[in-house]
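Each chain is listed here by its residues.
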Amino acid sequence: MSETIEPRKIVIDLKKLIVEPYTRKKEVKLSELKDYCAYPEDAEKILAKGEDPVIYEYYEYTPTEKPGNINFGLTIIYPGKIGKEYYMTKGHFHEKDAAEFYFCLKGKGLLLMQNKLGEVATIELEPGSLGYVPPGWGHRTINTGRGKFVFFFAYPSDAGHDYMLVKEKGFAKIVIEEAKTVKIIDNPRYQKLSQ
Ligand code: M6P
Ligand code: ZN
């Protein structure tokens, strides 16, 4: 049976930082992110104190997963660090050849991308700038500022999320604070795809 998607209006509230209506809201806390961290021992130290901070959250509007539609929403990454690594998303590849964009609305951060050949690209995002993720590139966003890093995202509804590669191999680069500056360095835990 064919599904009918009605035209509709969605409001992105830039003061409350919500999408209304949304179909999904997700909060990712440190306990869920820890396996993606470059320094999991620092994550464990925070958790051992009984703290489990929210690292990021997102509101998504998914009309349907039928090809031809678009998922979109708002991501809010809180400011902070796990050891010296800035708060970030897990990061993922799309299961299908599908692009995505991130349009920054507040704060500042980095869009880190990596393709399956191991090539890395980074784009600095500040309000008004848009990072385009081409099909085939894994992507993670990182809050390098002192306030919330907020961006609007959109990608094809049938793209799918693949976290395995990032969880098991990591990204080749990580983003840390050292001597009060933002540094993009080699990930000490990275395993090349050929290994
Ligand atoms: C953005 C979009 C979502 C993604 C979220 C968090 O909001 O790209 O599709 O789920 O970031 O990223 P991740 O799932 O990699 O943690
Ligand atoms: Zn994506």
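First, a word on scope: everything that follows refers to the structure included in this document. (Residues numbered from 1 in each chain as written. Chains lettered and ligands numbered in written order. Predicted model: local features only at pLDDT ≥ 70, side-chain atom pairs only at ≥ 80, totals over all residues. Heavy atoms only, no water.)

## A few points about the site of ligand 1
Inspection of the region around ligand 1 gives 14 residues, with Tyr56, Thr75, His92, Glu100 and Tyr163 positioned closest. Contacts to ligand 1 include His92, whose side-chain N or O atom sits 2.7 Å from an oxygen atom. In the model, an oxygen atom of ligand 1 is placed 2.7 Å from a nitrogen or oxygen of the His161 side chain. Here ligand 1 loses 98% of its free accessible area of 370 Å² to cover by the protein chains. Counting only elements with at least two residues in the shell around ligand 1, the list comes to strand E4 (54-61), strand E9 (100-106) and strand E14 (149-156). With three residues, the top contributor of residues to the shell around ligand 1 is E4. Taken together, the residues that form the shell around ligand 1 break down as six nonpolar, five polar and three charged. (Near = heavy atom within 4 Å. Polar contact = N/O pair within 3.5 Å; in protein donor to acceptor, adjacent residues only side chain to side chain. Areas by Shrake-Rupley, 256 points an atom, 1.4 Å probe, with all protein chains shown as cover. Helix = DSSP H or I, 4+ residues; strand = E, 2+ residues; numbered from the N terminus. Nonpolar A, V, L, I, M, F, W, Y, C, P; charged D, E, K, R; others polar.)

## Digging into the coordination of the zinc ion (ligand 2)
Protein-derived ligands of the zinc ion (ligand 2) are His92 (NE2), His94 (NE2), Glu100 (OE) and His139 (NE2), with the metal-ligand distances lying across 2.0 to 2.1 Å. Bound by four donor atoms, the zinc ion (ligand 2) shows angles of 89 to 152 degrees at the metal and therefore irregular coordination geometry. (Donors = N, O, S within 2.8 Å, 3.2 Å for Na, K, Ca; no water. Tetrahedral: all angles 85-135°; square planar, octahedral: opposite > 155°, others 65-115°.)

## Topic: the pairing of strand E13 (residues 138-143)
With six of its six residues buried, E13 lies for the most part within the structure. Side chains Gly138, Arg140 and Ile142 project from E13 onto one buried face, and the interleaved His139, Thr141 and Asn143 project onto a second face that is buried too. Pairing between strand E10 (residues 109-114) and E13: six bridges, direction antiparallel. Paired with Leu110 across the strands is Ile142, a residue of E13. (Buried < 20%, exposed > 50% of the residue type's maximum accessible area, 1.4 Å probe, protein only. Pairing = 2+ DSSP bridges.)

## Section: the sheet that holds E13
With respect to topology, three strands assemble into an open sheet ordered E11-E10-E13, the strand pairing being antiparallel. In this open sheet, the two edge strands, each paired with only one partner strand, are strand E11 (120-125) and E13. Between one strand axis and the next, the sheet turns by 20 degrees as a mean value, whatever way the strands run. (Axes fitted to C-alpha atoms, helices over the stretch in contact; angles between N-to-C directions.)

## Re a nonpolar patch on the surface
Taken together, Phe103, Leu130 and Tyr132 make up a surface patch of nonpolar side chains, about 290 Å² in accessible area. Relative to the helices and strands, Leu130 is located in strand E12 (residues 130-133). Of the residues examined, Leu130 reaches a relative accessible area of 45% and is grouped as partly exposed. (Patch = residues over 30% accessible without salt bridge, like charges linked within 9 Å, V, L, I, M, F, W, Y side chains within 5 Å. Salt bridge = Lys/Arg side-chain N within 4 Å of Asp/Glu carboxyl O.)

## Focus on the packing of aromatic side chains
Inspection of the entire model under this criterion finds eight aromatic pairs. Pairing Tyr22 with Tyr59 gives two aromatic rings, centres 5.0 Å apart and planes at 70 degrees, and the pair type is edge-to-face. With Tyr22 in the loop between strand E2 (18-20) and strand E3 (24-29) and Tyr59 in strand E4, this pair connects stretches of sequence that are 37 residues apart. Relative to Tyr155, the ring of Phe153 lies with its centre 6.1 Å away and its plane at 25 degrees, an arrangement referred to as stacked. For the pair Phe153 and Tyr155, one class covers both residues: buried. A network of ring pairs unites the aromatic residues Tyr61, Phe72, Phe101 and Phe152 as a single cluster. Here the guanidinium or amino end of Lys90 rests over the ring plane of Tyr163, the centre of that ring lying 5.3 Å away. (Phe/Tyr/Trp six-rings, centres within 6.5 Å; stacked < 30°, edge-to-face > 60°. Lys NZ or Arg CZ within 6 Å of the ring centre and 35° of its normal.)

## Here we look at the environment of Tyr22
Accessibility expressed as a relative area gives 36% for Tyr22, which makes it partly exposed. The sequence separation of Tyr22 and Ile12 amounts to 10 residues, and the corresponding C-alpha distance is 9.8 Å. Residues in contact with Tyr22, not counting those within four places in the same chain, are Tyr59, Glu60 and Tyr61. (Contact = heavy atoms within 4.5 Å.)

## Focus on the pairing of strand E17 (residues 181-186)
Note that strand E16 (residues 173-178) and E17 share six bridges and pair antiparallel. Pairing of Val175 across the sheet is with Ile184, part of E17. The turn joining E16 and E17, which pair antiparallel and follow one another in sequence, is formed by two residues; a positive phi near 50 degrees is taken by Ala179.

## Some remarks on the nonpolar core
In terms of nonpolar packing, the biggest core is built from 35 residues, with Leu33, Ile55, Tyr56, Ile82, Tyr102 and Ile142 touching the most fellow members. Of all the secondary structure elements, the ones that give two or more residues to this core are helix H1 (30-33), helix H2 (40-48), E4, E9, E10 and E14. Residues Tyr59, Tyr61, Val150 and Ala154 belong to the second largest nonpolar core, which totals 10 residues. (Core = buried A, V, L, I, M, F, W, Y, C linked by side-chain atoms within 4.5 Å.)

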